[in-house]
Amino acid sequence: MAEPLRPDLQAIAELVPVGARVLDLGCGDGTLLRYLIDHKQVHGRGIELSEAGVRACVARGLSVVQGDLDEGLADYLDGQFDIVILSQTLPYLDAPALILHEMLRVGRQGIVSFPNWGHWRCRLSLLLTGRMPIAPALPQPWYASPRIRPLTVRDFGDFCRAEGIHIKHQVYLNDWGRVSPWRKWKNLLATVAIMVIEKNSATRA
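Residues numbered from 1 in each chain as written. Predicted model: local features only at pLDDT ≥ 70, side-chain atom pairs only at ≥ 80, totals over all residues. Heavy atoms only, no water.

Bringing helix 2 (residues 31-40) into the picture now. Those residues of helix 2 lying buried are Leu32, Leu33, Leu36 and Lys40. Each buried residue of helix 2 sits inside an arc of 100 degrees when the element is viewed along its axis, so together they form one side. Its buried side turned inward, helix 2 meets helix 1 (7-15), strand 1 (21-25), strand 2 (43-48), strand 3 (64-66) and strand 4 (81-87). At the C-terminal side of helix 2, Gln41 shows a positive phi close to 55 degrees. (Buried < 20%, exposed > 50% of the residue type's maximum accessible area, 1.4 Å probe, protein only. Helix = DSSP H or I, 4+ residues; strand = E, 2+ residues; numbered from the N terminus. Arc of directions from axis to C-beta. Contact = heavy atoms within 4.5 Å.)

So this is what it looks like as structure tokens:
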């Protein structure tokens with residue numbers, strides 16, 4: 001029996017339609033992509049930077065190539081996929097605007113997840129220690145490689161508005177389960193945010 005997915009990956013999987021054409025960016029060892037193929041019958045491909053990750057994906061029987069997301073998705077056609085996933089990879093990108101627009105060029109929708117540095121534990125840690133906090137969902141210090149670009153739920157919302165990207169659906173998680181997307185304090189309570197994004201209606205073809 002396959003091991004259960006992490007809660008954030010399970011939440012992403014629930015957002016993917018059965019039989020969808022999926023591109024998983026920064027797919028790691030292929031856990032999510034393998035699950036989607038087995039349980040959602042998706043037609044899935046992936047891109048992963050690390051050689052170890054690509055080898056793990058190939059060992060799982062996945063169609064994954066090695067690539068640097070900051071260079072874009074020039075190898076893929078407009079509208080080639082239904083869903084493009086960027087799971088826990090956004091903070092590591094040097095050119096986040098480029099890759100989000102590329103996601104929405106090659107895919108009808110994107111699903112983006114990221115750890116939320118707006119969580120109350122991060123705020124309290126900075127206040128009490130005067131040191132850069134470690135996100136609850138990403139236990140990596142500021143000096144570790146690859147370099148992290150911290151962001152909060154509110155930062156991402158501002159970014160999407162500035163870039164003409166529409167957030168269609170929101171899922172927020174913490175250690176106890178899900179936080180209502182309509183709750184006033186979601187930026188304070190959520191450790192992980194998952195956003196379904198698409199082009200604004202004015203910019204859609």
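Okay, the side chain of Glu198 next. Assignment of secondary structure puts Glu198 in strand 8 (residues 192-199). For Glu198, a relative accessible area of 12% corresponds to the buried category. At a separation of 3.3 Å, a polar atom in the side chain of Glu198 contacts the side chain of Gln109. (Polar contact = N/O pair within 3.5 Å; in protein donor to acceptor, adjacent residues only side chain to side chain.)

Another point: the pattern of salt bridges. In the structure shown here, the tally under the stated rule is ten salt bridges. Ionic pairing is found between Glu102 and Arg105, a salt bridge with its closest N-O pair at 2.7 Å. Of this pair, Glu102 and Arg105 both sit in helix 4 (residues 96-106), separated by three residues, roughly a single helical turn. For Glu102, a relative accessible area of 15% gives the class buried. Judged by relative accessible area, which is 23%, Arg105 ranks as partly exposed. (Salt bridge = Lys/Arg side-chain N within 4 Å of Asp/Glu carboxyl O.)

Here Arg123 shows up in helix 5 (residues 120-129). Sequence-wise, Arg123 and His101 are 22 residues apart; in three dimensions their C-alpha atoms are separated by 30 Å. In this structure Arg123 touches Gly118, Asn187 and Leu188, once residues within four positions along its chain are discounted.

Quick look at the layout of surface pockets now. Its boundaries defined by the atoms lining it, the largest pocket holds a volume of some 930 Å³. Taken together, 38 residues make up the lining of the largest pocket; nearest its centre are Gly26, Ser87, Gln88, Thr89 and Tyr92. The set of elements that each furnish at least two residues to the lining of the largest pocket consists of helix 1, helix 2, strand 2 and strand 6 (165-174). At three residues, helix 1 tops the list of elements feeding residues into the lining of the largest pocket. Residues of the lining of the largest pocket, tallied by class, amount to 17 nonpolar, eleven polar and ten charged. (1 Å grid on protein atoms, 1.4 Å probe; cavity = no way out; pocket = protein on both sides within 12 Å on 5 of 7 lines; lining within 4 Å. Points joined across faces, edges and corners; volume = space filled by probe spheres on them. Nonpolar A, V, L, I, M, F, W, Y, C, P; charged D, E, K, R; others polar.)

These values are about where atoms sit, not about what they do.
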